[in-house]
Every structure is written in structure tokens, then in C-alpha cells.
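Inside the fold
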Amino acid sequence: MLLPLPGLMLVEPSVAVETTAASELDLSPQRGATVLIGPEGGWTPGEVERGASVCRLITVGGRTLRADAMCIVALSAFFTMWKEF
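Residues numbered from 1 in each chain as written. Predicted model: local features only at pLDDT ≥ 70, side-chain atom pairs only at ≥ 80, totals over all residues. Heavy atoms only, no water.

1. A word on the nonpolar core
Judged by nonpolar contacts, Leu8, Leu10, Ala22, Leu25, Ile58, Met70, Ala74, Phe78 and Trp82 together constitute the single largest core of 9 residues. Listed by contribution, the elements that provide at least two residues to this core are β1 (7–10) and α2 (67–81). No other element matches α2, which puts 3 residues into this core. Once residues within four sequence positions are removed from consideration, leucine 25 is found in contact with Thr20, Arg56, Ile58, Phe78 and Met81. If you look at the next biggest cluster of nonpolar residues, it comprises 6 residues, including Val15, Val48, Cys55 and Leu57. (Core = buried A, V, L, I, M, F, W, Y, C linked by side-chain atoms within 4.5 Å. Buried < 20%, exposed > 50% of the residue type's maximum accessible area, 1.4 Å probe, protein only. Helix = DSSP H or I, 4+ residues; strand = E, 2+ residues; numbered from the N terminus. Contact = heavy atoms within 4.5 Å.)

2. Regarding the sheet that holds strand β2 (residues 20–21)
Pairing is parallel in the open sheet, where 4 strands are placed in the order β2-β4-β1-β3. At either margin of the open sheet sits one strand with a lone partner, and together these are β2 and β3 (34–37). In this structure, β1 lies alongside strand β4 (residues 56–59), joined through 3 bridges in parallel fashion. Looking at the pairing, methionine 9 lines up with leucine 57 of β4. Contacts between helix α1 (residues 45–52) and the sheet are confined to β1 and β4, with β1 contributing the most and set at about 160° to the helix. (Pairing = 2+ DSSP bridges. Axes fitted to C-alpha atoms, helices over the stretch in contact; angles between N-to-C directions.)

3. Regarding the pattern of salt bridges
Within this structure, the stated rule accounts for 1 salt bridge. The closest approach of N and O atoms between aspartate 68 and arginine 66, which form a salt bridge, is 3.3 Å. Taking the relative accessible area as the measure of exposure, aspartate 68 reaches 47% and is therefore partly exposed. The exposure class of arginine 66 is exposed, given its relative accessible area of 53%. (Salt bridge = Lys/Arg side-chain N within 4 Å of Asp/Glu carboxyl O.)

This is the structure in C-alpha cells:
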């Protein structure tokens, strides 16, 4: 599967595979991105493995946030990095 825009899968900090902190991303301003935000309770190991095949695995700090709050946090972080505020 190929994504039309950069794929970013937000995962919990405790995921046992290689992740990148959002603050370390080199995201020059973009048209957009495909952002995957997990369900309450987190991604299953299989979902993380499949997501890692098409996305960069991203964390946004050391805290685990509720899924309904994560979309607001992620958009705020990415818009700030893209200087859209």
C-alpha cells in the first residue's frame, strides 16, 4: 500500500520498535500528511508492524494521551512545525 502524502503513525512511547520523536522530524511545509491515530488502548503489535511498513512511527513525548485528544495535539504540533499558525 502506498500513501499519497507522507505517512505518520502516532504510537505510544512504549512501542518496542524504532520510533521518531515529533520534535526530531524534518518536515518542511507540506501540502499535508496522512496521520494515523490509534484507538483507545493503543495499537496491537500487528497493527504497528503493518503501519511501520508504510508510515514513520512517531511519538509526541513521553505521555500516553487519549485518542480523542491526540488528534488536536497532533494537528497543533504539525501546524506549528509547518509554521501554519
